[in-house]
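Coordinate analysis (summary)
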Amino acid sequence: MYVGVDYYPEHWPKTRWATDAKLMKAAGFNVVRLAEFAWVKMEPEEGRFDFRWLDEALSVLHKQGISAILGTPTAAMPAWVARKYPETLAMQLDGQRITWGVRKNNCFSAGAYRLLSQRITKAMAQHFAANPAVIGWQTDNEFGSPQCYCDNCKGTWQDWLKAKYGSLDEVNRAWGTHFWGHKVQTWGEIHMPADMHAHNPSLCLDWKRFWSWQNVRFQHDQTVILRRECPRHFITHNLMGFAPDVNYFDLSADLDHASWDNYPSLGGAEAYDPAASADLMRGVKGKNFWIMEQTAGPHGWGSYTRNPRPGEMRKQFFQQVGHGADGFLWFRWRSCTVGREQYWHGLLGHDGKAFRRYREAAQTAKDFHKVGKELAGTTVKAEAAMFYDYDSVWAFDIQPAYNGWNFFGANASANRYQEAVKRYHRALFRAGVNVDLVRPGQDLSGYKLVLAPHQYVMPDPLAQQLSDYVRQGGVLLCDSRTGVKDATGLCHERTLPGLLSRAFGIRIEEYEALHEGVSYATQSKTSGLPGAYQAVQTCDWITPEKAETLLAYKDWHLKGLAAVTQNKFGRGQGFYVGANFQEDAFYDHLVAGLLKAARIQPLVVPPAGVEATARQGANGTLLFLINHTEEPKAVKVPAGKVDLLTGKKTAATLQLGIYGVAILKI
Ligand SMILES: [Zn+2]
């Protein structure tokens, strides 16, 4: 089990390094990440490498038993790169290249940049392959930006389409270019979409896929070298949870494990969102992950967030461990006195002194080591899966489909797909049930329940797989906008929900968006889904064929139509939700019905504000209970179980203090 910090020795005099390393060791830290923005320090001029400073830093750290993950430094190019190879700077829509001097400003198709990236990666890999302090690599930093509109990218985009479609006829068919007379007759006529809300949506969808692929290819250049030169080291990348620009399933294919940067919003959703992101980060590889950066203090480039309160960093830490984190680094060690991240505070302040945040991190690290043996070899084994589909994320970016206003207090411009995933994830969280976020198309046979909300892009084989899943005994949930589009973003010609009509026992002849301030009242038709709720934002007019109506609309013009249905199909059941609902209680009751149908029983039902997750291994189950609130909570738990953090046995009720954490061995 690794725990530590992101460390920038190059920001401080060498005379300070030994002090830092000793303080880290005293805190129980055994890993740092180094060098991910230090390109010019390692290659001060083209082809001349200088790793002496990093050798020295590694040696100082290693003396204290601290290992290192090295970052390939390509997220921030040296000035000499921009000066000698101006084409490596990304071009903006207005034809101007990005001004050098921030970061993430390179074009991913510029041959010079790819070669320079491969050269520094190779030089680092060869130099550090045998260094005993080094255990792994982080490629680049937070892939996903910027977009580039240079001629090089345009040519690469056209080549990518040629490889994908083979012929212009196929491009024209796949995109439906007979609309507005947009038929392309030469490859060179294919343009880069400037406005994702005005150009052909099928073209825009491919552009987003292409853009993601550019990032994946750039990383692949580096991982090939690292694998060859450093076979003993792991390779990872610091992903960003729900950040939408790169398909993390594709990006992670070249990694040993995923890592991610967790900056809880320190706002209303801070318990929920990091949980959902963690499930995706576990899902992209189907295995445990690392936290490569996590909030260590107030942070921001200009203004900064609030400070983590006493106990808060520890509960954020164990929340991630409960979802499958096996390694953990806080960002950053010491607040930097210079540069754009002066306010991105570390465990230590600008003064370099070890105050409260350091002491809390040290306590957390000690707790982590205490439970390390029990955690080893365990992971989350969920009986429920939820799809996470980049095609649908992108398709909703291109056409949001319904008005973004909401009752939910969330960002009204937020992506409809991601919001849908989060609504169901929150209800599962409140129910105390673990869920895997998985890529559509993967094998579902291990799951009793599958949620596929807002599965807007639905190629026929996927619809067939879902239908078969239900027929063979699975419980499936889909909702509004399911199965509207095919793989290239053209609307299916079948009546919705298309190939899933039999699984759900319904047809949808009409649908609409509900504008701001408009909602439809609904009423329960069965004890299976009690209550009355307000349908908002999106509304399917569902005609039940074989399905039972769980919830019906009350408005006169929707008489006889269903808002929510349940259907027995083969050996399984299909639940269809035709609207978004204003009330959390709707989702809680719905999820209760889904869990009952799927015969999934949570280990404990947590009180509001408490999260329950579980990791399982050969030696049993570890139940994590996290109090996300600032008031004590009582949780009904199995009696006589050991809390690994305190060593005490549980009574029938467990008391959790403010931000309290317990790990019970079940
Ligand atoms: Zn470019």
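Please refer to the structure placed before this passage.
Conventions adopted
Residues numbered from 1 in each chain as written. Predicted model: local features only at pLDDT ≥ 70, side-chain atom pairs only at ≥ 80, totals over all residues. Heavy atoms only, no water. Pairing = 2+ DSSP bridges. Helix = DSSP H or I, 4+ residues; strand = E, 2+ residues; numbered from the N terminus. Contact = heavy atoms within 4.5 Å. Axes fitted to C-alpha atoms, helices over the stretch in contact; angles between N-to-C directions. Donors = N, O, S within 2.8 Å, 3.2 Å for Na, K, Ca; no water. Tetrahedral: all angles 85-135°; square planar, octahedral: opposite > 155°, others 65-115°. Buried < 20%, exposed > 50% of the residue type's maximum accessible area, 1.4 Å probe, protein only. Parallel < 35°, antiparallel > 145°, perpendicular 65-115°, else oblique. Nonpolar A, V, L, I, M, F, W, Y, C, P; charged D, E, K, R; others polar. Salt bridge = Lys/Arg side-chain N within 4 Å of Asp/Glu carboxyl O. Expected span 1.5 Å × (residues − 1). Arc of directions from axis to C-beta. Core = buried A, V, L, I, M, F, W, Y, C linked by side-chain atoms within 4.5 Å. Left-handed = near helix turned anticlockwise from the far one by under 90°. Phe/Tyr/Trp six-rings, centres within 6.5 Å; stacked < 30°, edge-to-face > 60°. Lys NZ or Arg CZ within 6 Å of the ring centre and 35° of its normal.

Remarks on the sheet that holds strand 24 (residues 642-643)
Sheet architecture is open: four strands sit in the order 21-22-26-24, paired in antiparallel fashion. Both edges of this open sheet fall to strand 21 (610-617) and strand 24, since each of them pairs with a single strand only. Alignment of strand 21 against strand 22 (residues 620-627), held across eight bridges, turns out to be antiparallel. When the bridges of strand 22 are listed, Gln616 appears paired with Thr621. In the packing of helix 12 (residues 356-375) onto the sheet, contacts are made with strand 21, strand 22 and strand 26 (661-665), and the angle to strand 22 comes to roughly 145°.

Here we look at the coordination of the zinc ion
Within the protein, Cys107 (SG), Cys148 (SG), Cys150 (SG) and Cys153 (SG) serve as the donor atoms for the zinc ion, at 2.2 to 2.3 Å. Every donor counted, the four donor atoms about the zinc ion form angles of 101 to 114° at the centre, which fits tetrahedral coordination. Mapping the donors of the zinc ion onto the primary sequence gives the spacing C-x40-C-x1-C-x2-C. The residues Cys148 and Cys150 share a single accessibility class, namely buried.

Considering the pairing of strand 13 (residues 475-479)
Each regular strand carries side chains that alternate between the two faces of the sheet. The element strand 13 is extensively covered by neighbouring structure, given that five of its five residues are classed as buried. Alignment of strand 12 (residues 449-452) against strand 13, held across four bridges, turns out to be parallel. Within strand 13, the residue paired with Leu449 across the bridge is Val475. Here strand 13 runs beside strand 19 (residues 572-577); their pairing, made up of five bridges, is parallel. Counted as the bridge partner of Val475 is Gln573 from strand 19.

Overview of the packing of helix 13 (residues 390-398) against helix 14 (residues 416-431)
Describing two packed helices takes the angle between their axes plus the distance from one axis to the other. For the pair helix 13 and helix 14, the least separation of the axes is 7 Å and the interaxial angle reads 125°. The angle between helix 13 and helix 14 places the two elements in the oblique class. Packed against helix 13, whose contacting residues are Ser392, Val393 and Phe396, the element helix 14 presents Arg416, Tyr417 and Gln418 at the interface. Tallied by class, residues from the contact of helix 13 with helix 14 come to three nonpolar, two polar and one charged.

Brief notes about the pattern of salt bridges
Applying the stated criterion across every chain, the model contains 42 salt bridges. Each of Asp6, Arg33, Glu36 and Glu293 takes part in salt bridges that share partners, so that together they form one network.

Remarks on helix 3 (residues 52-63)
With 12 residues, helix 3 extends 17 Å between its outermost C-alpha atoms, agreeing within 8% with the 16 Å of an ideal straight helix rising 1.5 Å per residue. Every buried residue belonging to helix 3 is among Trp53, Leu54, Ala57, Leu58 and Leu61, and all of these are buried. Around the axis of helix 3, the buried residues are gathered within 130° of arc, so they sit on the same side. In helix 3, the exposed residues that point more than 90 degrees away from the buried face are Arg52 and Lys63. Lining the buried residues of helix 3 we find helix 1 (14-26), strand 2 (31-34), helix 2 (39-42), strand 3 (67-71), helix 5 (111-128) and strand 4 (134-138). Gly65 sits one or two positions beyond helix 3 and adopts a positive phi of about 80°.

Things to note about the nonpolar core
Within the largest apolar cluster, 195 residues are counted, with the highest numbers of intra-cluster contacts made by Phe318, Trp330 and Phe581. Counting residues in each nonpolar core, the second largest holds 11 residues, with Val610, Ala612, Leu623 and Leu664 among its members.

Re the environment of Ala75
Tracing the backbone through its elements, the reader meets Ala75 in the loop between strand 3 and helix 4 (79-84). In this structure Ala75 comes out as buried when scored by relative accessible area, which is 1%. Each C-alpha atom of the pair Ala75 and Lys104 lies 5.1 Å from the other, and the pair is 29 residues apart in sequence. Not counting the four nearest positions on each side in its chain, Ala75 is found in contact with Phe37, Arg103, Lys104, Asp140 and Asn141.

Some details on helix 6 (residues 151-165)
An ideal rise of 1.5 Å per residue puts 21 Å on 15 residues; helix 6 measures up with 21 Å between its terminal C-alpha atoms. Where helix 6 is concerned, the buried positions are Cys153, Thr156, Trp157, Gln158, Trp160, Leu161 and Tyr165. Looking at the buried residues of helix 6, the elements they touch are helix 7 (168-175) and helix 8 (201-229). Once helix 6 finishes, Gly166 follows within two positions and takes phi at roughly 80°, a positive value.

Some thoughts on the sheet that holds strand 2
Strand order in the open sheet formed by nine strands is 5-4-3-2-1-9-8-7-6, with parallel pairing between adjacent strands. With one partner strand each, in any of the chains shown, strand 5 (234-236) and strand 6 (238-239) form the two edges of the open sheet. As paired strands, strand 6 and strand 7 (residues 259-262) are joined by two bridges and run parallel to one another. Within the sheet, the bridge partner assigned to Leu239 lies in strand 7 and is Trp260.

What about the packing of helix 11 (residues 312-322) against helix 12?
Between helix 11 and helix 12, whose axes approach to 9 Å, the crossing angle comes to 25°. By the angle between their axes, helix 11 is roughly parallel relative to helix 12. Crossing of helix 11 over helix 12 shows right-handed handedness. Contacts between helix 11 and helix 12 involve Glu312, Met313, Arg314, Phe317, Phe318 and Val321 on the former and, on the latter, Arg357, Glu360, Ala361, Thr364, Asp367, Phe368, Val371 and Leu375. For the contact of helix 11 with helix 12, the class distribution of residues is eight nonpolar, one polar and five charged.

Things to note about the environment of Ile120
With respect to the secondary-structure elements, Ile120 resides in helix 5. With a relative accessible area of 0%, Ile120 lands in the buried category. Apart from the residues lying within four places of it in its own chain, the contact partners of Ile120 are Trp39, Met42, Glu43, Phe49, Pro73 and Thr74.

Points about the packing of aromatic side chains
Counted under the stated rule, the structure contains 48 aromatic pairs. Look at Phe29 and Trp333: their rings are 6.3 Å apart centre to centre, the planes differ by 80°, and that puts the pair in the edge-to-face class. Within this pair, whereas Phe29 is found in the loop between helix 1 and strand 2, its partner Trp333 is found in the loop between strand 9 (325-330) and helix 12, the two being separated by 304 residues in sequence. Using a relative accessible area of 1% as the deciding quantity, one classes Trp333 as buried. Feature note: the residues Phe29, Phe317, Phe318, Phe328, Trp330, Trp333, Tyr358 and Phe368 constitute an aromatic cluster, connected by ring pairs. Here Lys41 stacks its cationic end above the ring of Trp53, 5.5 Å away from the centre of that ring. Taking the ring centre of Tyr511 as reference, the NZ or CZ of Arg481 above it sits at 4.3 Å.

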